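Coordinate inspection notes
Here is how the chains run, residue by residue.
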Amino acid sequence: MAVPTEFSGVVLSLENTIYPDEKLQETPSQLDGLSKEMETNLRIAGCEYIQAAGILLKLPQVAMATAQVLYQRYYYSKSFVKYNYEICAMACIFLAAKIEEHPRRIRDVVNVFYHIRRKLNELPNKVMDYMSNEYFHKKSEVIKAERRVLKELGFCVHVKHPHKCIVTYLKILECNDNTELIQKAWNYMNDSLRTDVFMRYTPETIACACIYLSARQLGIGLPSNPPWYEVFDATTKEMEVYLLIVSVIDSVDMLIYQVKYVVDIIAS
Amino acid sequence: MASLHSLVNYGADSDNEDEQEDRNKDSLVEYRDEDSAFKAAEPTVVSDSATDLHANGKAAFYVSESDDDSAKGKLVNTDQDEIDRVQLPPEPDGIHSLNVQKKIITMLARKMDSNMNKILEKRKNFRNPSIYEKLVEFCAIDETGTNYPAEMYNPKLWDKHDYYNAIAKVQKETYEKKEKAKQSRTQYISIVKEMMQTGKGRNAVNSTSIQNNLCRGSMSSLYIV
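Residues numbered from 1 in each chain as written. Chains lettered and ligands numbered in written order. Predicted model: local features only at pLDDT ≥ 70, side-chain atom pairs only at ≥ 80, totals over all residues. Heavy atoms only, no water.

Identification of chain B as SAP30-binding protein from Trichoplax adhaerens is taken from an unreviewed UniProt entry.

Chain A is annotated in an unreviewed UniProt entry as Cyclin-like domain-containing protein from Trichoplax adhaerens. Here chain A is described in UniProt, under the heading Sequence similarities (unreviewed entry), as follows: "Belongs to the cyclin family." (UniProt positions renumbered as here; feature names shortened; annotations may be inferred.)

The following block contains the structure:
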């Protein structure tokens, strides 16, 4: 008797995708023989590229955040060995700009990346000729990469951001007058985009963790008995792991930063 | 729990604090229970959370070899010294207002039947898509801020010539200049051609050879430019 064929369904959701741990531990790049350190560096390098490009493209921070999350997600299903990180970063920011309703021309994206690369490697300023083969080649690569990202993520490219949560939560905690606290929490969130926390936790938890860490550093007391963040569904366990990841990234970042430029020089 | 502590070094008073937090968690779960009840429950919960951490492998990336055998082999170890360097400032005591604490307690009680995040999401002003820009403006937030020291990562590295519209402008100008040069050259060639065509009747052989030479000349000048 024939077994009825089961087709996999597609679920489109506005919630962020949280990856299971097996997927986070054994990445395609590592299966291709890339070391864990190198992979982390490539992730950080790509995210820094995206962030810098976003600034130069005058995009709102949410667009950069979306692009970085897409970039990270993509490399949990594809390998850095097979797909160039810079082209993918370009595709992600190009796509994210459209998602966040601030579209930019592909030419501007290519230009900005070209410019950043020259500036970081301390080369003299030069613009790319937009009738040159180099430009046409880059452009078609980016378009192809964008299509690959979309396909790989199943067109679920909406990202829920914790930006709004930070301000709302601080308002509930009656700390919304403290600009320093808001800014610091906001900064932590920008910085943690380089890590895989957005693939591990809900945006609400990340917002809580950012506030928690900033309040501690600024010596601001927040209700702890019972802890305030339980209202927003964050648990102590999650917070601790988050803090750990962010702080470890903070402390080893100097090393990563140096390696990053080595990567950059090799790639160029 | 012990292994969890070895992961994070929170400084001097970390142990008490961790326990306190765990206790808080218990007190939430067993909200109206007697003190003794949650004390009895405490050890099991604590060990649960510790084993969970390892089982999930969430913290496994930061676990050193000696800590957990299951983490060995498939994961890269981060230097134990690096982890030890991570320190979180201690919790300041008693500065927060009692009002807020009360608010949290009532909210937690309310949370039993409905989810706070859902409530927030449903609020009209939270759903407003332009609220983001308003918030940034209202709270005077530097959107692209970072907590890294400037020598490590500096989002303010760029000046006004680096922005995309400035680059596009320069690019366009360069291109137009090039086009113009090309155009004037083709104009020159066509003028010469015209002149030769009018003189064609007189000396046909000569003019074609000149034309060829000119074309060759113009081609090479194209390459030079």
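The structure having been displayed, the exposition proceeds.
**Some thoughts on the overall build of chain A**
Summing up its helical and strand segments, chain A has twelve helices and zero strands in all. Across the 268 residues in chain A, those meeting the buried criterion constitute 62%. The long-range share in chain A, meaning contacts at least 24 apart out of those at least 6 apart in sequence, stands at 76%. Only carbon and sulfur atoms are counted for the fraction: they give 56% of the accessible area of chain A, which is about 10,500 Å². (Helix = DSSP H or I, 4+ residues; strand = E, 2+ residues; numbered from the N terminus. Buried < 20%, exposed > 50% of the residue type's maximum accessible area, 1.4 Å probe, protein only. Contact = heavy atoms within 4.5 Å. Areas by Shrake-Rupley, 256 points an atom, 1.4 Å probe, with all protein chains shown as cover.)

**Structural notes on the overall build of chain B**
Scanning chain B from terminus to terminus reveals ten helices and zero strands. For chain B, the N- to C-terminal ordering of α and β elements is α-α-α-α-α-α-α-α-α-α. A buried classification covers 32% of the 225 residues belonging to chain B. Long-range pairs, those at least 24 residues apart, make up 40% of the contacts in chain B between residues at least 6 apart in sequence. Total accessible area on chain B stands at roughly 14,900 Å², and carbon and sulfur atoms take up 54% of it.

**Side note on the environment of D21 of chain A**
Tracing the backbone shows D21 of chain A in helix α1 (residues 21-25). Residues D21 of chain A and R200 of chain A, spaced 179 residues apart in sequence, show a C-alpha to C-alpha distance of 8.2 Å.

**Description of the pattern of salt bridges**
Residue and element names in this part refer to chain A. Enumeration over the complete set of coordinates arrives at 14 salt bridges over all chains. Across the salt bridge formed by R194 and E48, the nearest N and O atoms sit 2.6 Å from each other. Residue R194 is found in the loop between α9 (179-192) and α10 (197-200), and its partner E48 is found in helix α3 (residues 36-56); the two are separated by 146 residues along the sequence. In terms of burial, R194 and E48 fall into one category: buried. The salt bridge partner of R117 is E86, with a shortest N-O separation of 2.7 Å. Note that R117 is positioned in helix α6 (residues 106-120) and E86 in helix α5 (residues 85-99), a separation of 31 residues in sequence. (Salt bridge = Lys/Arg side-chain N within 4 Å of Asp/Glu carboxyl O.)

**Considerations on the packing of aromatic side chains**
All names here are of chain A. Overall, the coordinates contain 13 aromatic pairs over all chains when judged by the stated rule. Each residue in the set Y71, Y74, Y75, F80 and Y83 is aromatic and connected to the rest through ring pairs, giving one cluster. Above the plane of the ring of Y19 lies K23, whose end atom (NZ or CZ) is 4.6 Å from the centre. The ring of Y76 has R43 sitting right over it, with the charged end atom 4.1 Å from the ring centre. (Phe/Tyr/Trp six-rings, centres within 6.5 Å; stacked < 30°, edge-to-face > 60°. Lys NZ or Arg CZ within 6 Å of the ring centre and 35° of its normal.)

**Observations regarding the nonpolar core**
Judged by nonpolar contacts, the single largest core of 108 residues is most densely connected at Y71, I93, I211, W228 and F232 of chain A. Those residues within four positions of I93 of chain A in sequence are excluded, and the remaining contacts are I50, G54, L57, L59, M64, A67, V109 and F113 of chain A. (Core = buried A, V, L, I, M, F, W, Y, C linked by side-chain atoms within 4.5 Å.)

**Observations concerning the confidence of the model for chain A**
Residue and element names in this part refer to chain A. Residues with a pLDDT of 70 or more make up 85% of chain A, whose mean pLDDT is 82. Per-element confidence in chain A is highest for α5, whose mean pLDDT is 95, and lowest for helix α12 (residues 236-267), whose mean pLDDT is 52. Low pLDDT (under 50) marks residues 251-268, which in the prediction has 29 contacts with non-local residues, meaning those over four places away or in another chain. (pLDDT = per-residue confidence, 0-100.)

**A word on the confidence of the model for chain B**
Residue and element names in this part refer to chain B. Taken over all residues, the pLDDT of chain B has a mean of 60, while the share at 70 or more is 40%. Within chain B, helix α9 (residues 164-198) carries the highest mean pLDDT (89), whereas helix α3 (residues 35-56) carries the lowest (37). Confidence drops under a pLDDT of 50 for residues 1-85, and excluding neighbours within four residues, the segment shows 99 contacts in the predicted structure. Note that residues 217-225 has pLDDT below 50 and, in this model, four contacts with residues that lie over four places away or in other chains. Complex prediction metrics read pTM 0.69 and ipTM 0.75.

**Examining α9 of chain A**
Residues and elements named next belong to chain A. Here α9 contains 14 residues, and its C-alpha end-to-end distance of 20 Å stays within 8% of the 20 Å for a straight helix at 1.5 Å per residue. The buried fraction of α9 amounts to eleven of the 14 residues, a majority that puts the element mostly inside the structure. Within the span of α9, buried status applies to L181, I182, Q183, A185, W186, N187, Y188, M189, N190, D191 and S192. (Expected span 1.5 Å × (residues − 1).)

**A word on the environment of E143 of chain B**
With respect to the secondary-structure elements, E143 of chain B resides in the loop between α8 (131-138) and α9. For E143 of chain B, the contacting residues outside a window of four places in its chain are P60, Q61, W186 and N190 of chain A together with Y132 and V136 of chain B. A polar contact of 2.5 Å, which involves the side chain of E143 of chain B, links it to the side chain of Y132 of chain B. (Polar contact = N/O pair within 3.5 Å; in protein donor to acceptor, adjacent residues only side chain to side chain.)

**Thoughts on the packing of α3 of chain A against helix α4 (residues 61-74) of chain A**
All names here are of chain A. Relative to each other, α3 and α4 sit at 155°, their axes nearing to 9 Å. Taken together, the axis directions place α3 and α4 in an arrangement best described as roughly antiparallel. Regarding α3 and α4, the two cross each other, and that crossing is right-handed. Of the residues in α4, those touching α3 at L42, R43, G46, C47, I50, Q51, G54 and I55 are Q61, M64, A67, Q68, Y71 and Q72. Taken together, the residues of the contact of α3 with α4 sort by class into seven nonpolar, six polar and one charged. (Axes fitted to C-alpha atoms, helices over the stretch in contact; angles between N-to-C directions. Parallel < 35°, antiparallel > 145°, perpendicular 65-115°, else oblique. Left-handed = near helix turned anticlockwise from the far one by under 90°. Nonpolar A, V, L, I, M, F, W, Y, C, P; charged D, E, K, R; others polar.)

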